[in-house]
Each structure stands twice: as structure tokens, then as C-alpha cells.
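Structure at a glance
Chain by chain, the residues run as shown.
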Amino acid sequence: GAGVSQSPSNKVTEKGKDVELRCDPISGHTALYWYRQSLGQGLEFLIYFQGNSAPDKSGLPSDRFSAERTGGSVSTLTIQRTQQEDSAVYLCASSVGPGGYTFGSGTRLTVV
Amino acid sequence: QKEVEQNSGPLSVPEGAIASLNCTYSDRGSQSFFWYRQYSGKSPELIMSIYSNGDKEDGRFTAQLNKASQYVSLLIRDSQPSDSATYLCAVNLRSGGSYIPTFGRGTSLIVHP
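These lines cover the structure that appears in this document, whether it is placed above or below. (Residues numbered from 1 in each chain as written. Chains lettered and ligands numbered in written order. Predicted model: local features only at pLDDT ≥ 70, side-chain atom pairs only at ≥ 80, totals over all residues. Heavy atoms only, no water.)

**Details of the state of the cysteines**
Residues and elements named next belong to chain A. Put simply, the rule reads: Criterion for a disulfide: a pair of cysteine sulfur atoms at a distance within 2.5 Å. Only DSSP runs of H or I covering at least 4 residues are called helices, and only runs of E covering at least 2 are called strands; the numbering of each starts at the N terminus.
If you walk through the whole model with that rule in mind, you get two disulfides over all chains. Residue C23 pairs covalently with C92 via a disulfide, S to S 1.8 Å. Looking down the S-S bond of the C23 and C92 bridge, the torsion is -65 degrees, so its handedness is left-handed. Taken together, the positions of C23 in strand β3 (residues 19–24) and C92 in strand β8 (residues 88–95) put the pair 69 residues apart, joining distant regions of the chain.

**A closer look at the packing of aromatic side chains**
In plain terms, the rule: Centres within 6.5 Å make a pair out of two Phe, Tyr or Trp rings, where for Trp the six-membered ring is used; the pair is then stacked when the planes are under 30 degrees apart, edge-to-face when over 60, and tilted otherwise. The criterion for a charge sitting over a ring is simple: Lys NZ or Arg CZ within 6 Å of the ring centre, and within 35 degrees of the ring normal.
Per the counting criterion, the structure on display carries twelve aromatic pairs over all chains. Ring geometry for F103 of chain A and Y36 of chain B: centres 5.5 Å apart, planes at 85 degrees, overall edge-to-face. Taken together, the residues span two chains, with F103 of chain A in strand β9 (residues 102–103) and Y36 of chain B in strand β4 (residues 33–38). Lying over the aromatic face of F61 of chain B, R60 of chain B brings its terminal NZ or CZ to 5.6 Å of the ring centre.

**A look at the interface of chain A and chain B**
Heads up, the rule is: Whether two residues are in contact is decided by their heavy atoms, any of which lying within 4.5 Å being enough. Here's the idea: put two parts together, see how much 1.4 Å probe accessible area each one loses, and the total over both is what we call buried area. Note on definitions: salt bridges are taken to be side-chain nitrogens of Lys or Arg within 4 Å of carboxyl oxygens of Asp or Glu. Here a polar contact is taken to be a pair of N or O atoms separated by no more than 3.5 Å, where protein atoms must pair a possible hydrogen donor with a possible acceptor and residues adjacent in sequence count only if both atoms sit in side chains. Amino acids are sorted into nonpolar (Ala, Val, Leu, Ile, Met, Phe, Trp, Tyr, Cys and Pro), charged (Asp, Glu, Lys and Arg) and polar (every other residue, Gly among them).
In this assembly, 18 residues from chain A lie in contact with 18 residues from chain B. Carbon and sulfur atoms supply 55% of the area that chain A and chain B bury against each other, a total of about 1,400 Å² over both sides. Considering only the side of chain A, the residues that lose the most area to chain B are L43, Y101 and F103 of chain A, jointly responsible for 34% of the buried surface there. Joining chain A to chain B, the criterion identifies zero salt bridges. Inspection of the region where chain A meets chain B yields seven residue pairs in polar contact (both at pLDDT 80 or more). Looking at the side of chain A that touches chain B, the elements with two or more residues in it are β4 (31–37) and β5 (43–50) of chain A. Here the side of chain A that touches chain B is composed, by residue class, of nine nonpolar, eight polar and one charged.

See below:
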């Protein structure tokens, strides 16, 4: 596609439920990143995929968070047993290499 | 110590003035530096990337990098009200065997008519 596509754009879920967030990167972009941004805060790194290499999961805040990337393209971020502190905007970015990254429009997650 | 630091602002400048945004980083091995602009409620948008010491100009924007001082800045000439946004500095920092773009908290810029 022309840009990084994320879905859903908004998600409201009840505390304790699982959620899946999807990212479709720009075609040909081998690097894919997930970040989250809480209200008024900076971007917090979550996980990084590069090609077929093992992902860098060093930013995942707890074992309730996981992500996968199928076929080197689409990625899914899963949050299990959601908590209120998980409420944030989840942003996906992709790049060809270690250059400038293009962000998607994000998924706003609200846990009630 | 934060790995990428920015003054949160707000930085207020009059229309037509030069806005100067600053960023310091902790990893001397960093090689890639980026400035993003983020409007309220929107996702970050890449403005400039810089990899070598010195200045890089693109239209009204100039990025300046000083690796010895671990300092990168963004100058916006002839500032316009439409430049009002949060400016995020990003630095590729080492994380294990890879480099991860790490963001500062951003500087809020207000350009008033």
C-alpha cells in the first residue's frame, strides 16, 4: 500500500479482555516497529522486527504483550488481560533499513 | 538519565522568526538522527534525517549534528503558525545487536501571528 495501515483506528475494551492490533507496513519495508504513546507522553518502544530475524522484544512491558509478523509483512500486536494502564495510542512504523521511519495513523486503545 | 532528552517547552516564537529546537543523546555510537513533527491527535511525520556532523538543509528546515557533543538541533526559518506542533527527536540507540529508534518526549512549538 501507499502508507502504513493500522486497524482498528479505535478500540474500546473491557478490563481483562484480550485485544489484537494490526499493522500492514509499506510494501518492501523490511523493518517494522511498534510503539505506544500515552497521553502527553513520548513514544515508548515495544518491539522491532527486521526481515526474518528474531524480533527485538526488549521494550515489551510485560508478558501480557506479544507480537508476531507473518511472512515478513503484516504484524499483529496482542495484549492479553488488558489493564487500564494499557490505554494509549499504539503506533506502528516501517522502514526499508535504518533510515527514516513512516508511521501509521495508530490505534487508540481505551480499556474501561 | 534519559537516553534522548529534549526541553518540553512550550517554545513560543513570533511568525517569521527562527525557531531553534535542541536534543541531546547518551549513546556515543549512535549514527542516525531524525526529527519528526507531530500535530495534536496525529501520528509523527518525518521532517529530517541526518547522519554526518554539520548542517543539512531542506527548505525552511536545517538539522545540525555534533557527535562530539552528542547534540542535534533543528532550526525552522520563517516560522509559520502551521509549524505549531510537537517536534520529536529520534536517535538510533544500541539495543543488543540492533539499533532502535528512541524518541525524546518532544518540544511543543507555538508560532503566534
